[in-house]
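Fold and contact review
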Amino acid sequence: QGAAKDGYKHFMLKEIMEQPKVLRDCLVGRLQDDRVCLPELDGLPVPGSIRIIACGTSYNAGLWSQYYLEQFAEIPVIVEIASEFRYRKPILKADELIVVISQSGETADTLGALRLCKEKGYPVVGICNVLGSSVAREASACLYTQAGPEISVASTKAMLSQMVLLLLLALYYGQRKNADCSHAKKLRAGILNELKALPEILEGALPVMRDKAKKFAYQYAYAKSFFYLGRGTAYSLALEGALKLKELSYIHAEGYATGEIKHGPIALIDPDFPTFALAFDDDNFNKVCSGILEIKSRQGNVIALLQEGTELENNDLWYIPQTKLPEFLALPAMQLFSYEMADYLGKDVDQPRNLAKSVTVE
Ligand code: G6P
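Scoring rules and cut-offs
Residues numbered from 1 in each chain as written. Predicted model: local features only at pLDDT ≥ 70, side-chain atom pairs only at ≥ 80, totals over all residues. UniProt positions renumbered as here; feature names shortened; annotations may be inferred. Helix = DSSP H or I, 4+ residues; strand = E, 2+ residues; numbered from the N terminus. Rg over C-alpha atoms; globule rule 2.2 N^0.38 Å. Buried ≥ 20, exposed ≤ 12 C-beta atoms within 10 Å, placed from the backbone. Contact = placed C-beta atoms within 7 Å. pLDDT = per-residue confidence, 0-100. Pairing = 2+ DSSP bridges. Axes fitted to C-alpha atoms, helices over the stretch in contact; angles between N-to-C directions. Near = placed C-beta within 6 Å. Nonpolar A, V, L, I, M, F, W, Y, C, P; charged D, E, K, R; others polar. Expected span 1.5 Å × (residues − 1). Core = buried A, V, L, I, M, F, W, Y, C linked by C-beta atoms within 7 Å. Bend = angle between axes of the 7 residues up to and from the residue.

You'll find the protein entered in an unreviewed UniProt entry as Glutamine--fructose-6-phosphate aminotransferase [isomerizing], with Taurinivorans muris given as the organism. Under the UniProt heading Subunit (unreviewed entry), the note attached to the protein is "Homodimer." Taken directly from UniProt, the Function (unreviewed entry) text for the protein runs: "Catalyzes the first step in hexosamine metabolism, converting fructose-6P into glucosamine-6P using glutamine as a nitrogen source."

Set out below in structure tokens:
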């Protein structure tokens, strides 16, 4: 076990720190100049709409990708929790593509949803990390994420790898739909360049992030509850940040869309109920900042994760490097925060109570 952890105290920490390599591995063979190659999908038609189905952290990755699929592929997207989808009477459109996401490829509800859609005659694309798993075998086509084995029960690097594949999927369909539009081509090339630069940026950022995560974890270990807030592409990350904190440290945490806090949750804010806010340098920045100020004016403490070059009046600022894809840096930052919190509180990081790596029962 000691060797497999490569000198790290826990598998989870090792897997978080491996993420620059995961980013690199996920891009191997996938790019040809400014083109994305997903030959697994070349034989399937471009769908009129996409329905993404998954559980847990994989669901959060799916929700995240909705923004990019709509932006780059211009395809409407619905994202569903597998256990809900299965027991409704869902109405699928004729030209719909089903995408199921599962690290293990064995999650019972996700597999059940896949089978249901296949029975109805729909193509199902699996995004999966485990070679030869049930999802990989049964899907019409499988896009393998290249995260390598994930041992820690709480998923970290697998989500990052799913996000890469989903972003590539958005660019791939954009390519097929808008092959000749030079404006769309330029936008795709721009985001691909950001993606290619990420491994190095993350590599440089991780040690600094770990120090910051440790500092904030000690400072906020008093909390019994936490809010995680994000807007736009940060919303699903806020859900994931909250999920990681509860899974690992057993601190109650809720992820919310920043714009929704005024519709109820803000009633909970007091000096003992802190917030982890994601304020990316995008079109939502000013709105997110005013949400943060509303929390502060009610004596709420805030850790604000910002990108270099932006400013906000707040005591606890956590700066991450500038990039157009800040989610790929914010995710490891939040993973490290939960990791350090759980370790500081003496919790079983790799095997949290009551949880399983893969839930193969309904
Ligand atoms: C379990 C794990 C989570 C994971 C979820 C979905 O609950 O503890 O970390 O996100 O299953 O797993 P999958 O393998 O389908 O991605």
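1. Digging into the overall build of the protein
A tally of helices and strands in the protein yields 11 helices and 12 strands. Rg of the C-alpha trace for the protein: 20 Å, near the compact-globule value of 21 Å for 362 residues, within the 12% margin. Across its three principal directions, the C-alpha atoms of the protein cover 55 × 45 × 40 Å. Per-residue burial for the protein yields a buried fraction of 51% across its 362 residues. Here the contacts in the protein between residues at least 6 apart in sequence split such that 73% fall between residues at least 24 apart.

2. Thoughts on the confidence of the model for the protein
Across the protein, the average pLDDT comes to 95, with 99% of residues at 70 or higher. Interface confidence in the predicted complex, given as ipTM, is 0.98; pTM for the same model is 0.97.

3. Some thoughts on the sheet that holds strand 3 (residues 49-54)
Taken in spatial order, the five strands of this open sheet run 4-3-5-6-7, and their pairing is parallel. Two strands bound the open sheet, and with one partner strand each, they are strand 4 (77-81) and strand 7 (141-144). Taking the axes of each pair of neighbouring strands and ignoring which way they run, one obtains an average angle of 20° across the sheet. The pairing of strand 3 with strand 4 spans five bridges and is classified as parallel. Bridge pairing in strand 4 places I50 opposite V77. The strands that helix 3 (residues 56-73) touches are strand 3, strand 4 and strand 5 (96-102); relative to strand 4, the one it contacts most, it runs at about 175°.

4. Some remarks on the site of the ligand
Around the ligand sit 16 residues in total, of which G56, T57, S102, S104 and T107 are the nearest. Take the shell around the ligand: its biggest share by element is three residues, from helix 3. Here the shell around the ligand is built from residues that sort into five nonpolar, 10 polar and one charged.

5. Things to note about helix 9 (residues 233-249)
Its 17 residues place the ends of helix 9 25 Å apart at the C-alpha level, agreeing with the 24 Å of an ideal helix rising 1.5 Å per residue. The element helix 9 is largely enclosed, with a buried count of 16 among its 17 residues. Phi turns positive, to about 60°, at Y250, one or two residues after helix 9.

6. Re the nonpolar core
Among the nonpolar cores identified, the biggest contains 119 residues, and V100, L305 and A333 are the most heavily contacted of them. Top element by residues in this core is helix 7 (residues 157-177). It accounts for 14 residues.

7. Focus: helix 3
An ideal rise of 1.5 Å per residue puts 26 Å on 18 residues; helix 3 measures up with 25 Å between its terminal C-alpha atoms. Within helix 3, the axis deviates most sharply at S65, by approximately 30°. Following helix 3 by one or two positions, E74 adopts a phi angle in the positive range, close to 55°.

8. Description of the sheet that holds strand 10 (residues 275-279)
The strand order 9-8-10-11-12 describes an open sheet built from five strands, whose pairing is parallel. Each end of this open sheet is capped by a strand with a single partner; those strands are strand 9 (252-257) and strand 12 (316-320). On average, each strand axis in the sheet is tilted by 20° relative to the strand beside it, whichever way the strands run. Here strand 11 (residues 302-307) runs beside strand 12; their pairing, made up of five bridges, is parallel. Note on strand 12: the bridge partner recorded for A304 is L317.

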